Amino acid sequence: MSGYRALVGELADLVRLAHSALRGATAVLTDPAAGHDAIAAAEKDLAELRTRIEEDSATTLDGRPGVVVGVHVGCEVEALGQLVQRLLEAAWARQEREPYGDRLLAPLRGLAGAALDLVAQAAEALESGAPEGVTHVLTELPDTGRRQRLLYELLLRDGATDPVDAADLVLLACCYQQCADHAGAIVRHAALFAHAGA
């Protein structure tokens, strides 16, 4: 395996680790039965992600394609880590409040699930370089925007929603939409440099 392909494999593993941390934070936010153990697991994944990002940033990247894809995907993964941190902060804050009702949880779960799927698929597309994987992520990307809009429409129609809950849900929706956008950015560059290490 070339140095470039090894780098891409490492970057794909970082995306998977970000996905694992996102999944853990999401479980706490969308499942009233999840508790402190789930938060602790997500925090552990986030800490490992940050450590590996720091270690990788100290590594000399081999060749110009490695520099471009390493820096670009590294920035996207770092941004995913920041979004995980925001979600975890929201999860801690929600421990002090009543869970969202099913009417609000359903669209939030749908949006979160769509975004998480895109992050997972981005890791696969990055590693494989397969055009169909890239196309699938880019084709599905608008779905998160539609889901975000549906949640907002529900919040605007429902005058009974607590203002704090509404603000929290808008923040969460923004985080998940950004996760999807970062997944899209990762696969765009996966496509551009798919043959660099051949």
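Treat the numbers as computed from the prediction; the structure is a model and nothing was measured. (Residues numbered from 1 in each chain as written. Predicted model: local features only at pLDDT ≥ 70, side-chain atom pairs only at ≥ 80, totals over all residues. Heavy atoms only, no water.)

Summing up its helical and strand segments, the chain has 6 helices and 0 strands in all. Each helix and strand of the chain, placed in order from N terminus to C terminus, yields the pattern α-α-α-α-α-α. Computed over C-alpha atoms, the radius of gyration of the chain comes to 18 Å, within 12% of the 16 Å expected from 2.2 N^0.38 for 198 residues, which places it in the range of a compact globule. Of all 198 residues assigned to the chain, the portion counted as buried reaches 48%. Of all intrachain contacts in the chain linking residues separated by at least 6 positions in sequence, the fraction that spans at least 24 positions is 86%. When the accessible surface of the chain is split by element, carbon and sulfur atoms take 56% of a total near 9,700 Å². Put simply, the chain has 17 plus and 29 minus side-chain charges, and the middle of one group is 5 Å from the middle of the other. (Helix = DSSP H or I, 4+ residues; strand = E, 2+ residues; numbered from the N terminus. Rg over C-alpha atoms; globule rule 2.2 N^0.38 Å. Buried < 20%, exposed > 50% of the residue type's maximum accessible area, 1.4 Å probe, protein only. Contact = heavy atoms within 4.5 Å. Areas by Shrake-Rupley, 256 points an atom, 1.4 Å probe, with all protein chains shown as cover. Lys, Arg positive; Asp, Glu negative; His and termini not counted. Charge placed at Lys NZ, Arg CZ, Asp CG, Glu CD.)

Next up on the list: the pattern of salt bridges. One pass over the full model with this rule turns up 13 salt bridges. Between E48 and R52 there is a salt bridge; the shortest N-O distance is 3.9 Å. Of this pair, E48 and R52 are both found in helix 2 (residues 36–57), 4 residues apart, which corresponds to roughly one turn of the helix. By relative accessible area, which is 36% here, E48 ends up partly exposed. Each of R94, R97, D162, D165 and D168 takes part in salt bridges that share partners, so that together they form one network. (Salt bridge = Lys/Arg side-chain N within 4 Å of Asp/Glu carboxyl O.)

Take helix 4 (residues 102–128) next. When the terminal C-alpha atoms of helix 4 are compared, their 38 Å separation across 27 residues agrees well with the 39 Å that a helix rising 1.5 Å per residue should span. Downstream of helix 4 by a residue or two, G129 has a phi angle that is positive, lying close to 70 degrees. (Expected span 1.5 Å × (residues − 1).)

Where helix 4 contacts helix 5 (residues 131–157), the axes come no closer than 9 Å and their chain directions differ by 165 degrees. As judged from the angle between their axes, helix 4 and helix 5 are roughly antiparallel. Taken as a pair, helix 4 and helix 5 cross one another with a handedness that is left-handed. Here the residues of the contact of helix 4 with helix 5 are counted per class, giving 14 nonpolar, 6 polar and 4 charged. (Axes fitted to C-alpha atoms, helices over the stretch in contact; angles between N-to-C directions. Parallel < 35°, antiparallel > 145°, perpendicular 65-115°, else oblique. Left-handed = near helix turned anticlockwise from the far one by under 90°. Nonpolar A, V, L, I, M, F, W, Y, C, P; charged D, E, K, R; others polar.)

For the rest of this paragraph, the subject is the packing of aromatic side chains. This model, assessed by the stated rule, comprises 0 aromatic pairs. Positioned above the aromatic ring of Y100 is the side chain of R94, whose terminal nitrogen or guanidinium carbon lies 4.0 Å from the ring centre. (Phe/Tyr/Trp six-rings, centres within 6.5 Å; stacked < 30°, edge-to-face > 60°. Lys NZ or Arg CZ within 6 Å of the ring centre and 35° of its normal.)

A few words now on the environment of R5. Tracing the chain through its elements places R5 in helix 1 (residues 3–30). Residue R5 is classed as partly exposed on the basis of its relative accessible area of 21%. Along the sequence, R5 and E127 sit 122 residues apart, while their C-alpha atoms lie 8.1 Å from each other.

Structurally, the position occupied by Q148 is in helix 5. Given a relative accessible area of 13%, Q148 falls into the buried group. Setting aside residues up to four positions removed in sequence, Q148 forms contacts with L111, A173, C174 and Q177.

Note that all results are geometric; they support no functional claim without further evidence.
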